[in-house]
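# Report on the structure
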Amino acid sequence: MTTPKLIAKDVSKVFWIEGEDKPVHALDHVSLSVGDGEFVCIVGPSGCGKTTFLNIAAGLLKHDGGSMEIAGNLSNGPGRDRAVVFQQARLLPWRTTFGNVRYGMELHRRFDEAQMDERTQRFIDLVGLNGAERRHPGELSGGMQQRVNLARALAVDPEILLMDEPFAALDAQTREFMQAELLRIWRETRKTVMFVTHQIDEAVFLADRVVVFGTKPGRFKAEFKVDFPRPRTLSLKRDPRFLALMDDIWGLIEEEAQRAGLLHAYETEARP
Amino acid sequence: MTVQSLQAEPAAVAAQPVLVRPTKSFYKRNDSFMVGAASVIVFTAVWEALWAAGFINELFFSGPSAIFARLYSGLFTRGDMLEHVWFSAQNFLSGFLIATALGIPLGILLGWYRAPRLVLDPFITAFYSTPRIVFVPLIIMWFGLGLGSKVVIVFMSAFFPILLNVMAGVRTTDDQLLGAGRAFCATQWDLFRTIVLPSSVPFIIVGLRQGLAHGLIGVVVGEFFAGSSGIGYLIGEAANSFKTDLLFACVFIVAGVGIGVSALLQQIEQHFQRWRPANN
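A brief report on the enclosed structure follows. (Residues numbered from 1 in each chain as written. Chains lettered and ligands numbered in written order. Predicted model: local features only at pLDDT ≥ 70, side-chain atom pairs only at ≥ 80, totals over all residues. Heavy atoms only, no water.)

## Notes on helix α10 (residues 231-240) of chain B
Residues and elements named next belong to chain B. Stated formally: Burial classes: relative accessible area under 20% of the type maximum marks a residue as buried, over 50% as exposed, and values in between as partly exposed (1.4 Å probe, protein chains only). Every helix listed is a DSSP run of H or I at least four residues long, and every strand listed is a run of E at least two residues long, numbered separately from the N terminus. Note that the arc is computed from the directions linking the helix axis to the C-beta atoms. Here, two residues are considered to be in contact whenever any of their heavy atoms come within 4.5 Å of each other.
Where α10 is concerned, the buried positions are Ile231, Gly232, Leu234, Ile235 and Ala238. Mapping the buried residues of α10 onto a view down its axis gives an arc of 160°, with all of them on the same face. Tucked inside the fold, the buried residues of α10 contact α4 (82-112), α9 (188-225) and α11 (244-272). Count one or two residues on from α10 and you reach Phe242, which has phi positive near 55°.

As structure tokens, this is what we get:
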């Protein structure tokens, strides 16, 4: 493994809420690195700052302390070295699938017209949208919209792919299929991925490494190496070792949720 | 027990699904136009019957055949309405085009940039909330009785609806899309060109349609007040001399222009909105 694609050192972020005297510590000295070609998932209870962390990495939010390095350069705003897959697909409703996949490249201005057309078609095929090139987002299902979202990000050829709960808004079945699809696509493109989710099974299924964030303040809590062999299939989710790992991670998140008051203590006999 | 046994005999179901796109009848495809047209025809027929039967006093009202005859002679055989129509058309077109040419760019500018909006907002709100008609005497005082004052009145009437709608369109641009654009390193110009402008199109069209309606009011009102030509002047004259056929002929010309330009704008809007899934 060569140099990491993302190096965060002591990244901190505070938000001021209207009418409150003290700031909310969304992120408190978070340090994390994502290696070249690695697939890292960040999980944590709501309010742990995982999406804030991703937005800082994307350059969409400014951090108040520490440093964020992407592909060897200090990040100070969005860059052509990364691409974001959003939770909501955020497609231009007046553009077709083809136009939307091409859009990211048009803004990056790295490829000429012919290359853009060729790459657009290549990534549409890769995400399995062949035949839907001329449809508008309103004529696509939620899962298909997320495929466009993913193709748009991959087509710009980023050093690192930042994925913000991209399957959270999909129905349970589609979500499972999209996870398997994402692994297939990842195997073919070998991109570095930082993937934020609140679904533990999703994180364990996809990742090489799962990072758990704690909440109030949002911070690094623990990390788990996931060494299930690849290629993985959805049946892995029923493997006892998979379930055991999920249990470990869930234990930590439950602990955080209780500490933060998101979950109140169980009855005394259930827990010492 | 098998699952199949729960199912009734499926023999009645066609062996092959039908793979032909279902077609709608001519009526179903054009029902709004056909019902609308029939409604207008019936209304006109009843009106004409009442008129022909002598139930309508021509001092106060008129009938379709008389109005049409007056319209025909005024525009074609006698041509006495032509100079008035031409005068009003000049007023309206100049005022409306100036309002469009200034309203759209200024609306975009004020929608996109906060500082100039804060500076101009009190004036825009004041002008928009005040009925423009109160300025008419002042404008006539400043610009005289001729073409100049009428153009200014139309401009004043049409400008603010256009400006405010365009501003609203720009300001309501989806933040999620702007965020996506920024994440892909879009410049301000990119954001404007690829997101703000396309998503503002419906607002721009609504602004133009409202500006059109207000502009038509402006042209008629301006000619009511002063001067000796134009459709507005002719309406006033016709009313003063109880020429109801002429009066209604003028009303129909104004209405016709309003409907025509409005339909044209709707066509333009539909051209830009082809991507929107059809719904009625």
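## Section: the packing of aromatic side chains
Stated formally: Any two of the Phe, Tyr and Trp rings considered here, Trp counted by its six-membered ring, make a pair once their centres fall within 6.5 Å; the pair's planes then place it as stacked at under 30 degrees, edge-to-face at over 60, or tilted in between. Comment: the charge-over-ring label is applied if NZ (Lys) or CZ (Arg) is within 6 Å of the ring centre and within 35 degrees of the ring normal.
Applying the stated criterion across every chain yields a total of 19 aromatic pairs over all chains. Where Phe127(B) meets Phe160(B), the ring centres are 5.3 Å apart and the plane angle is 10°; that geometry is what we call stacked. In this pair, Phe127(B) sits in helix α5 (residues 114-129) while Phe160(B) sits in helix α7 (residues 147-171), placing the two residues 33 residues apart along the sequence. Connected via pairs of aromatic rings, a cluster forms that spans Phe127(B), Phe135(B), Phe155(B), Phe159(B) and Phe160(B). We note Arg190(A) situated over the ring of Trp186(A); from NZ or CZ to the ring centre the distance is 4.6 Å.

## Considering the sheet that holds strand β4 (residues 65-70) of chain A
Residues and elements named next belong to chain A. Formally: Strands qualify as paired when DSSP identifies two bridges or more between them. Throughout, an axis means a line fitted to C-alpha atoms (over the contacting stretch in the case of helices), and angles, computed between N-to-C directions, take values from 0 to 180 degrees.
Here we have four strands laid out as an open sheet, ordered β2-β1-β4-β5, and antiparallel in their pairing. Sheet topology places β2 (24-34) and β5 (73-74) at the edges, where each strand pairs with a single neighbour. Examined bridge by bridge, strand β1 (residues 6-15) and β4 share five bridges and lie antiparallel to one another. Counted as the bridge partner of Ser12 is Gly65 from β4. Strands in contact with helix α1 (residues 50-58) are β1, β2 and β4; relative to β1, the strand with the most contacts, it is inclined by about 120°.

## Comments concerning the interface of chain A and chain B
Just so we agree on the cut-off: Buried area is calculated as the accessible area (1.4 Å probe) missing from two parts once they are joined, with the contributions of both summed. Any carboxyl oxygen of Asp or Glu that lies within 4 Å of a side-chain nitrogen of Lys or Arg is treated as forming a salt bridge with it. Polar contacts here mean pairs of N or O atoms no more than 3.5 Å apart (in protein, one a potential hydrogen donor and the other a potential acceptor; neighbouring residues in sequence count only if both atoms are side-chain atoms). The residue classification treats Ala, Val, Leu, Ile, Met, Phe, Trp, Tyr, Cys and Pro as nonpolar and Asp, Glu, Lys and Arg as charged. All others, Gly included, are polar.
Facing 24 residues of chain A, the contacting portion of chain B comprises 19 residues. Taking both sides of the interface into account, the surface hidden between chain A and chain B amounts to around 1,900 Å²; carbon and sulfur atoms contribute 70%. Considering only the surface of chain A that becomes buried against chain B, Arg90(A), Trp94(A) and Leu107(A) emerge as the three largest contributors, covering 36% of it. Taken together, chain A and chain B are joined by one salt bridge. Taken together, the connections running from chain A to chain B amount to three residue pairs in polar contact (both at pLDDT 80 or more). Examining the composition of the side of chain A that touches chain B, we find that four residues originate from one element, helix α2 (residues 97-108) of chain A, more than from any other. Grouping the constituent residues of the side of chain A that touches chain B by class yields 13 nonpolar, six polar and five charged.

## Overview of the sheet that holds strand β10 (residues 219-225) of chain A
Through backbone hydrogen bonds, the strands of a sheet pair up, either in parallel or in antiparallel fashion. All names here are of chain A. Across the sheet, six strands lie side by side as β6-β7-β8-β3-β9-β10; this open sheet has mixed pairing. Each having just a single partner strand, β6 (82-85) and β10 make up the two edges of the open sheet. In this sheet, adjacent strand axes meet at a mean angle of 20° when their direction is disregarded. As paired elements, strand β3 (residues 39-43) and strand β9 (residues 209-214) share four bridges and run parallel to each other. Each residue of the ladder has a partner; that of Cys41, found in β9, is Val210.

## Here we look at helix α3 (residues 64-77) of chain B
Every α-helix carries 3.6 residues per turn, so stepping three or four residues along brings you back to the same face. Residues and elements named next belong to chain B. Let me state the cut-off plainly: In a helix, the anticipated span is given by 1.5 Å times the number of residues less one.
The end-to-end C-alpha distance of α3, which contains 14 residues, comes to 18 Å, matching closely the 20 Å that a straight helix rising 1.5 Å per residue would cover. Among the residues of α3, Pro64, Ile67, Arg70, Leu71, Ser73 and Gly74 are the ones counted as buried. Buried residues along α3 sit in contact with α2 (31-52), α4 and α11. At the exit of α3 stands Gly79, carrying a positive phi of roughly 70°.

## Quick word on a nonpolar patch on the surface
Residue and element names in this part refer to chain B. What counts is decided by this rule: The patches described consist of residues with a relative accessible area above 30% and no salt bridge, like charges being joined within 9 Å and nonpolar side chains (Val, Leu, Ile, Met, Phe, Trp, Tyr) within 5 Å. Areas reported here follow the Shrake-Rupley algorithm with a probe of radius 1.4 Å; residue values treat only the protein chains shown as occluding.
Among the surface-exposed residues, Phe26, Tyr27, Phe33, Met34 and Val35 lie close enough to one another that they form a single nonpolar patch of about 540 Å² accessible area. Elements supplying a minimum of two residues to the nonpolar patch: α1 (26-29) and α2. Of all the elements, α2 adds the most residues to the nonpolar patch, at three residues. Along the polypeptide, Met34 turns up in helix α2.

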